[in-house]
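So you can see what is in the structure, the chains are spelled out below.
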Amino acid sequence: MLVTINGESRVLDTTLSVADLLATMGLDGRKVAVERNREIVPRATYGDARVQEGDTLEIVHFIGGGAPDTAVTGVDSEDEGFVVAGRSFRSRLLVGTGKYKDFEETARALEASGAEIVTVAVRRVNVSDPNQPMLMDYVDPKVYTYLPNTAGCFTADDAVRTLRLAREAGGWDLVKLEVLGDQKTLYPNMPETFAAAEALIADGFQVMVYCNDDPIAAQRLEEMGCVAIMPLGSMIGSGLGILNPVNIRLIKETASVPVLVDAGVGCASDAAMAMELGVDGVLLNTAIAGASDPIRMARAMKLAVEAGRLSYLAGRIPKKRYADPSSPLAGLI
Ligand SMILES: CC(=O)[C@@H](O)[C@H](O)COP(=O)(O)O
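Residues numbered from 1 in each chain as written. Predicted model: local features only at pLDDT ≥ 70, side-chain atom pairs only at ≥ 80, totals over all residues. Heavy atoms only, no water.

A few points about helix α7 (residues 245–254)
Formally: Only protein chains enter the calculation, and the probe is 1.4 Å; a residue is then buried if its accessible area is under 20% of its type maximum, exposed if over 50%, and partly exposed in between. A run of H or I in DSSP counts as a helix once it spans at least four residues, and a run of E counts as a strand once it spans at least two, with each numbered from the N terminus. It is the directions from the helix axis to the C-beta atoms whose arc is reported. Residue contacts are counted whenever heavy atoms from the two residues lie within 4.5 Å of one another.
Buried within α7 are the following residues: N247, I248 and I251. Down the axis of α7, the buried side of the element spans an arc of 105 degrees, and every buried residue falls inside it. In α7, the exposed positions angled more than 90 degrees off the buried face are occupied by V246 and E253. For α7, the elements touching its buried residues are α6 (215–224), β13 (228–231) and β14 (260–262).

Here you go:
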């Protein structure tokens, strides 16, 4: 029979089940998800679900990084860590897993960053060579919390479909929703983001949402049930830093769920500045992966996020218009 797998036509044995198909491709036991004619095939039915003539199959896996699905408890003595959707994390730095030279470099950078949550994109398995290395071979999902994301989705429908596949593949329901507006700015498309958030929350997902830095939109997303609000610092991949600190602070002041600055961080001082605004964490990717020395930058980001948090907790001095001598003037000779 003739079927299409990940866009490629294949002639298959007529008696194949989905489980047999995965086995012949060497994908059995791997964290992949299968969609047949745009319907997710539940994992429990792989043995019974027969592949049929004319079927269109999509087999996806994760690209980019991850951590335990169980809560990481215990906190640093100087920082209380943060809690999202009932799970505690010590590290306030969340990192992306794209743009690295190879998976080995990804793994080393993640380790240096100290991140516990890594966000990963969902992509088709390479059916021409399904045995190619996968992210999970390098970034252990028992060590990192995988946060599947919808990078590359421009409609609510695509985003919802992508995250349903991610849940089927790995069982994760804590997800990062991003619905993009256009290729040039990668700004969030907020109407589509609202629609996707609503559908995902109704479907039992815990949604961490990438959004613009609009306090009203952020409030609305929280009211809908999003478990974390992730306003952009600036455009994804731009390295322009935090363009609107006033709005980020406003969003944080109003929110009762964690607020994480997501996107646009270019260097360690940007990450520290975001944390000094009082946000709960920072999500970044390009600044580490695109640095000349990603491992060193990953460590810099770890220290910057910690320093920014401590600086925020310590409380900055008020800015003054004129000098205020550091040494007492009394007793001057
Ligand atoms: C990895 C990911 O989720 C990105 O979409 C994220 O927004 C990070 O952006 P930067 O690459 O600008 O750090």
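Here's the deal with the pattern of salt bridges
Side chains that differ in charge, positive against negative, can pair when their charged atoms come close. The line we're drawing: Salt bridges are defined as contacts in which a side-chain nitrogen from Lys or Arg sits within 4 Å of a carboxyl oxygen from Asp or Glu.
Counted under the stated rule, the structure contains 16 salt bridges. For R164, the salt bridge goes to D203, with nearest N and O atoms at 2.7 Å. A residue pair is termed long-range when its members are at least 10 positions apart, and R164 in helix α4 (residues 156–170) and D203 in the loop between α5 (190–202) and β12 (206–211) qualify at 39 residues. A salt bridge links D262 to K176, with the shortest nitrogen-to-oxygen separation between them at 2.8 Å. Within this pair, whereas D262 is found in strand β14, its partner K176 is found in strand β11 (residues 174–177), the two being separated by 86 residues in sequence. Pair check on accessibility: D262 and K176 agree, each one buried. When salt bridges that share partners are traced, they join R164, R167 and D203 into one network.

Examining the packing of helix α8 (residues 268–276) against helix α10 (residues 294–314)
How we decide: Axis definition: a line fit to C-alpha positions, over the contact stretch in the case of helices; interaxial angles, taken between N-to-C directions, run 0 to 180 degrees. Orientation is classified from the angle alone, with under 35 degrees giving roughly parallel, over 145 giving roughly antiparallel, 65 to 115 giving roughly perpendicular, and any other angle giving oblique. For a crossing to be left-handed, the near helix must be turned anticlockwise from the far one by less than a right angle; the clockwise case is right-handed. Each residue is assigned to one of three groups, with Ala, Val, Leu, Ile, Met, Phe, Trp, Tyr, Cys and Pro labelled nonpolar, Asp, Glu, Lys and Arg labelled charged, and all others, Gly among them, labelled polar.
Interhelical geometry of α8 versus α10 gives an angle of 30 degrees and a closest axis separation of 7 Å. Taken together, the axes of α8 and α10 are roughly parallel relative to one another. Regarding α8 and α10, the two cross each other, and that crossing is right-handed. Taken together, the residues of α10 that come into contact with α8 (itself represented by A268, A271, A272, M275 and E276) are A300, M301, A304, V305, G308, R309, S311 and Y312. Here the residues of the contact of α8 with α10 sort into 9 nonpolar, 2 polar and 2 charged.

Structural notes on the packing of α5 against α6
Running from amino to carboxyl end, α5 crosses α6 at an angle of 15 degrees, the nearest separation of the two axes being 10 Å. Compared by their axis directions, α5 and α6 come out roughly parallel. You can see that α5 and α6 cross each other, and the crossing is right-handed. Between α5, through M190, T193, F194, A197, E198 and I201, and α6, the contact on the second element is made entirely by A217, R220, L221 and M224. Here the residues of the contact of α5 with α6 are counted per class, giving 7 nonpolar, 1 polar and 2 charged.

Quick look at a nonpolar patch on the surface
Condition: Patch membership is restricted to residues that have no salt bridge and whose relative accessible area is over 30%. Joining uses 9 Å for like charges and 5 Å for the nonpolar side chains Val, Leu, Ile, Met, Phe, Trp and Tyr. Areas reported here follow the Shrake-Rupley algorithm with a probe of radius 1.4 Å; residue values treat only the protein chains shown as occluding.
On the surface, L310, Y312 and L313 cluster together into a nonpolar patch covering about 250 Å² of accessible area. On the secondary structure map, L310 appears in helix α10.

Some details on the nonpolar core
Note the following rule: Put simply, a nonpolar core is a bunch of buried Ala, Val, Leu, Ile, Met, Phe, Trp, Tyr and Cys residues held in one set by side-chain atoms that sit within 4.5 Å of each other.
Ranked by internal contacts, the top residues of the largest apolar core, which has 69 residues, are F62, Y146, L177, L221 and I229. Per-element tally for this core: the top contributor is α4, with 7 residues. Core analysis: the next-biggest nonpolar cluster, separate from the first, contains 21 residues, M1, V3, M25 and V51 among them.

Some details on the UniProt feature "active site" (unreviewed entry) in the protein
Formally: UniProt positions are given in the numbering used here, feature names are shortened, and annotations may be inferred rather than shown by experiment.
As recorded in UniProt, the feature "active site" (unreviewed entry) lies at K176. Residues within four places of K176 in sequence aside, it is in contact with T119, L147, P148, N149, T150, L163, M208, Y210, M230, D262 and L283.

Thoughts on the site of the ligand
Worth spelling out the cut-off: Note on definitions. A residue lies near a molecule or strand when any single heavy atom of the residue is within 4 Å of it. Distance and chemistry together define a polar contact, namely a pair of N or O atoms within 3.5 Å, with one atom able to donate a hydrogen and the other to accept it when in protein, and with adjacent residues in sequence counting only for side-chain atoms on both sides.
Residues in close proximity to the ligand total 13 residues, the closest being K176, G237, D262, N285 and T286. The contact in question runs from an oxygen atom of the ligand to an N or O atom on the backbone of G237, over 2.7 Å. The contact in question runs from an oxygen atom of the ligand to an N or O atom on the backbone of N285, over 2.8 Å. Contact with the protein chains covers 94% of the free accessible surface of the ligand, which is 360 Å². The residue inventory of the shell around the ligand, partitioned by class, reads 4 nonpolar, 6 polar and 3 charged.

Some thoughts on the environment of T106
Summarising the element assignment, T106 is placed in helix α2 (residues 103–113). Separated by 53 residues in sequence, T106 and A159 have C-alpha atoms that sit 25 Å apart. Once residues within four sequence positions are removed from consideration, T106 is found in contact with T97, Y100, L135 and V139. A polar atom in the side chain of T106 sits 2.9 Å from the backbone oxygen of D102.

Quick word on the domain arrangement of the protein
What counts is decided by this rule: All the domain ranges listed were derived from an automatic or database domain assignment. Two parts lose some accessible area (1.4 Å probe) when they are put together, and adding that loss for both gives the buried area.
The domain boundaries assigned to the protein delineate domain 1 (2–61) and domain 2 (82–124 + 133–314). Once you take the C-alpha centre of each, domain 1 and domain 2 turn out to be 31 Å apart. The partner domain 2 presents 14 residues to the 18 residues of domain 1 that form the contact. Of the roughly 1,600 Å² buried between domain 1 and domain 2, counting both surfaces, carbon and sulfur atoms make up 57%.

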